[in-house]
Amino acid sequence: MENFYRLTKGNTVRTGVTLRIDAKTSSMRIKAKWNERYRTATGKRRASLVLKENLHLLPDHGHALDLACGLGANAILLAQQGLKVEAWDIADVPVAALQDLALKRQLSIQTEVRDVEAHPPEAETFDVIVVSYFLNRDITPALVAALKTGGLIYYQTFTRQRVSDRGPQREEFRLVEQELLHLFSGLQLLFYREEGRIGDIHNGLRDEAMFIGRKKT
Ligand SMILES: C[S@@+](CC[C@H](N)C(=O)[O-])C[C@H]1O[C@@H](n2cnc3c(N)ncnc32)[C@H](O)[C@@H]1O
């Protein structure tokens, strides 16, 4: 609260309150938008390619996070590999569906309805973090901090360079060229793939980039 007043010094306190209400309203709007999409969605759960193709890099036990998990395909795959998994998303509809499934299949998945922008993970809490098709640049330092030493982050999302209209239309939600390498430059690079529009654009990984990094210290 003290910081809050200091931040708004020079302005009226009402300005600060307005900013807070705006953040809350925006969070509620995002939640409503995604809940609506999940209520009407018909697609299947699909784990991200970066995780599916690199399961061999996972530790055989430990604590993993599927951040902005949606229906939680990554969380399910991580739990099937023997990890203790947390799965967080701002939208309660997919989170409830994932919790039901985890109970039915007796998978070690703890779900949480959580706005990760307002409440990113705490420092040094996870051995593995997976993020697919979600991009909030402001929380990437918190994601690095949230890894334990030796911890891995798997990241896959859309790029601005594209060959189709898949993914978000707003450019801010798409990566610029090699951006994951910059965002996670403090990590040891284990895997990176981004093919842009090079070669036969009908084949390969298009519209997306994939990254795996490891926290050394
Ligand atoms: C395109 S979906 C991807 C879901 C999942 N990771 C996947 O690969 O299927 C983006 C997800 O981000 C979630 N999301 C958006 N903003 C969020 C926030 N601030 N905090 C937590 N989750 C958020 C949405 O609810 C949605 O489930």
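Preceding this paragraph is the structure being described.
What counts and what doesn't
- Residues numbered from 1 in each chain as written.
- Predicted model: local features only at pLDDT ≥ 70, side-chain atom pairs only at ≥ 80, totals over all residues.
- Pairing = 2+ DSSP bridges.
- Helix = DSSP H or I, 4+ residues; strand = E, 2+ residues; numbered from the N terminus.
- Axes fitted to C-alpha atoms, helices over the stretch in contact; angles between N-to-C directions.
- Contact = placed C-beta atoms within 7 Å.
- Right-handed = clockwise from strand over helix to strand, strands pointing away.
- Expected span 1.5 Å × (residues − 1).
- Buried ≥ 20, exposed ≤ 12 C-beta atoms within 10 Å, placed from the backbone.
- Arc of directions from axis to C-beta.

1. Overview of the sheet that holds strand S1 (residues 63-67)
Point 1. Read from one edge of the open sheet, seven strands run S3-S2-S1-S4-S5-S7-S6, paired in mixed fashion. Strands at the two margins of the open sheet, each flanked by one partner only, are strand S3 (109-113) and strand S6 (188-194). Neighbouring strand axes in the sheet, compared pairwise and without regard to direction, differ in orientation by 10° on average.
Point 2. Inspection of the sheet shows S1 paired to strand S4 (residues 126-132) by four bridges, in the parallel sense. Bridge pairing in S4 places alanine 64 opposite valine 128.
Point 3. Across the sheet, helix H5 (residues 92-105) touches strand S2 (84-89) and S3, and the angle it forms with S3 is around 165°.

2. Focus on the pairing of strand S5 (residues 147-158)
Point 1. In the sheet, S4 pairs with S5 via six bridges, with the strands oriented parallel. What sits directly across from isoleucine 129, in S5, is isoleucine 153.
Point 2. As for the winding sense of the linkage, the β-α-β connection from S4 through helix H6 (residues 140-146) to S5 is right-handed.
Point 3. Note: S5 against strand S7 (residues 208-214), seven bridges, orientation antiparallel. Bridged to tyrosine 154 within S7 is isoleucine 212.

3. A short note on H5
Point 1. For H5, built from 14 residues, the straight-helix expectation of 20 Å at 1.5 Å per residue is met to within 8% by its first-to-last C-alpha distance of 20 Å.
Point 2. Of the positions making up H5, those classed as buried are Pro94, Val95, Leu98 and Ala102. Viewed end-on, H5 has its buried residues packed into an arc of 100°, placing them on one side of the element. Those residues of H5 that are exposed and angled more than 90 degrees off the buried face are Asp100, Leu103 and Lys104.
Point 3. Downstream of H5 by a residue or two, glutamine 106 has a phi angle that is positive, lying close to 55°.

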